[in-house]
Amino acid sequence: MGGPMAENLMKNGLKLVVYDVMPDKLAAMKSAGADVVASPAEVAARTKKIVTMLPESSHVESAYTGDNGILSSAQQGSVFIDSSTIEPAVSVRMAQMAEQKGAKYLDAPVSGGVGAAKDAKLTFMVGGDQDLFPPTKEFLMMMGKNVVHCGAVGTGQAAKIANNMLLAICMIGTSEAMNMGIRLGLDPKLLAGIFNTSSGRCWASDTYNPCPGVFENVPSSRDYEGGFGTALMAKDLRLAQSAAKATSTTTPLGLAAHDIYQDMVKEGLGKKDFSVIFKKLQEASK
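Keep in mind the model is a prediction, meaning the values are calculated, not measured. (Residues numbered from 1 in each chain as written. Predicted model: local features only at pLDDT ≥ 70, side-chain atom pairs only at ≥ 80, totals over all residues. Heavy atoms only, no water.)

**As for the overall build of the protein chain**
For clarity, the threshold we go by: Starting at the N terminus, helices and strands are each numbered in turn, a helix being any DSSP run of H or I of at least four residues and a strand any DSSP run of E of at least two. With the radius of gyration taken over C-alpha atoms, the globule rule is written as 2.2 Å times the number of residues to the power 0.38. Each residue gets one of three labels from its accessible area relative to the maximum for its type: buried under 20%, exposed over 50%, partly exposed in between, using a 1.4 Å probe on protein chains only. Any two residues whose heavy atoms approach within 4.5 Å at even a single point are treated as in contact. Residues scored as positive are Lys and Arg, those scored as negative are Asp and Glu, and His as well as the terminal groups of each chain are ignored. Positions of charges follow a simple convention, taking NZ of Lys, CZ of Arg, CG of Asp or CD of Glu.
Looking only at helices and strands, the protein chain features 13 helices and eight strands. Taking 19 Å as the expected radius of gyration for a compact globule of 286 residues, we find that the protein chain reaches 20 Å, a close match to that expectation. Viewed in the frame of its principal axes, the protein chain has a C-alpha envelope of about 65 × 45 × 35 Å. The 286 residues of the protein chain split such that 43% are buried. The long-range share in the protein chain, meaning contacts at least 24 apart out of those at least 6 apart in sequence, stands at 62%. Charge-centre separation for the protein chain: the mean point of 28 positive side chains lies 2 Å from the mean point of 28 negative side chains.

Next comes the structure, spelled out in structure tokens:
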């Protein structure tokens, strides 16, 4: 996700200073015209506006607070925008630590997947100071088409976690319905077309259909490669269940989705796109 986002910033004429733990990612950014450095601290020493996109809470904490982390060399007046999907409490803690350095931190997780990242059509859910939102929105619109202020730091994460719980539930439901309809003799494209003009319509069906061959250029039509990994969905569902427990919220379908995706990771499907649930259900039905 971070790569396409960075590329869109460069397309808008911005000069970037970048760091990644993956050498191949850094090489690609260098080829695209970015300056490559050896640590998050070096990024912070050279710029006052930083965007981070990382897999988990622990990675965010390390990038900001580690020995060579962003906060070790943060400049007064810096603005940090974290587009990772992590625990809201971690976002709040990072914001407090940034404040001690004379900097500001916003959580701004995204929705839309790799395709939207490439096309600059992401939705950003932003948590942070209201005064910072207008300039932040202008900046994020270089990478997205919807930028929404959700409230204080942490509320962006809350919105993203709720969204991804719903997404997982919808993907499982779409996969179950597609699989059953096909086994009843319906053509997959015809069935998807009915869903997409009827009350069962959802993003998992009309944009990201999990059945191979219904749409081109989605992971299901390339053996579930690329896209949003099953392991990342399992992580987001774990965050959702943690939030549900903390707020005494009953989420039976969210819990079921969590268990299904955790099992898929254990079965070795963690690197496949999360729509691979269709293939798993199809094979279990034989």
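**Describing the environment of glutamine 76**
Position of glutamine 76 relative to the elements: it lies in the loop between helix 4 (57–65) and strand 4 (79–82). Judged by relative accessible area, glutamine 76 falls into the exposed class, the value being 59%. It is 9.8 Å that separates the C-alpha atoms of glutamine 76 and glutamine 100, two residues lying 24 residues apart in sequence. Among all residues touching glutamine 76, those that are not within four sequence positions of it are Lys48, Lys101 and Gly102.

**Considerations on the nonpolar core**
Note the cut-off: Nonpolar core, defined: a set of buried Ala, Val, Leu, Ile, Met, Phe, Trp, Tyr and Cys residues in which side-chain atoms within 4.5 Å join the residues together.
In terms of nonpolar packing, the biggest core is built from 28 residues, with Met171, Met178, Met233, Leu237, Tyr261 and Phe274 touching the most fellow members. At the level of elements, helix 8 (155–183), helix 9 (188–195), helix 11 (230–246), helix 12 (252–269) and helix 13 (277–284) are the ones that each hand at least two residues to this core. Element by element, the count of residues in this core is highest for helix 8, at seven residues. Setting aside residues no more than four positions away along its own chain, leucine 237 makes contact with Asn164, Met165, Ala168, Gly254, Ala257, His258 and Tyr261.

**Considering the packing of aromatic side chains**
Keep this limit in mind: Any pair of Phe, Tyr and Trp rings, taking the six-membered ring for Trp, is counted once the centres come within 6.5 Å. Such a pair is stacked with planes under 30 degrees apart, edge-to-face with planes over 60 apart, and tilted for the rest.
Under the defined criterion, the tally for this structure stands at six aromatic pairs. Judged by centre distance (5.8 Å) and plane angle (65°), the rings of tyrosine 64 and phenylalanine 80 are edge-to-face. Taken as a pair, tyrosine 64 in helix 4 and phenylalanine 80 in strand 4 lie far apart in primary sequence, 16 residues in all. Each of the two residues, tyrosine 64 as well as phenylalanine 80, counts as buried. With a centroid separation of 5.5 Å and an interplanar angle of 70°, the aromatic rings of tyrosine 64 and tyrosine 105 are classed as edge-to-face. Taken together, the positions of tyrosine 64 in helix 4 and tyrosine 105 in strand 5 (residues 104–107) put the pair 41 residues apart, joining distant regions of the chain. On the accessibility criterion, tyrosine 64 (1% relative accessible area) is buried. Of the residues examined, tyrosine 105 reaches a relative accessible area of 4% and is grouped as buried. Among the aromatic side chains, those forming a connected cluster through ring pairs are Trp203, Tyr208, Phe228, Tyr261 and Phe274.

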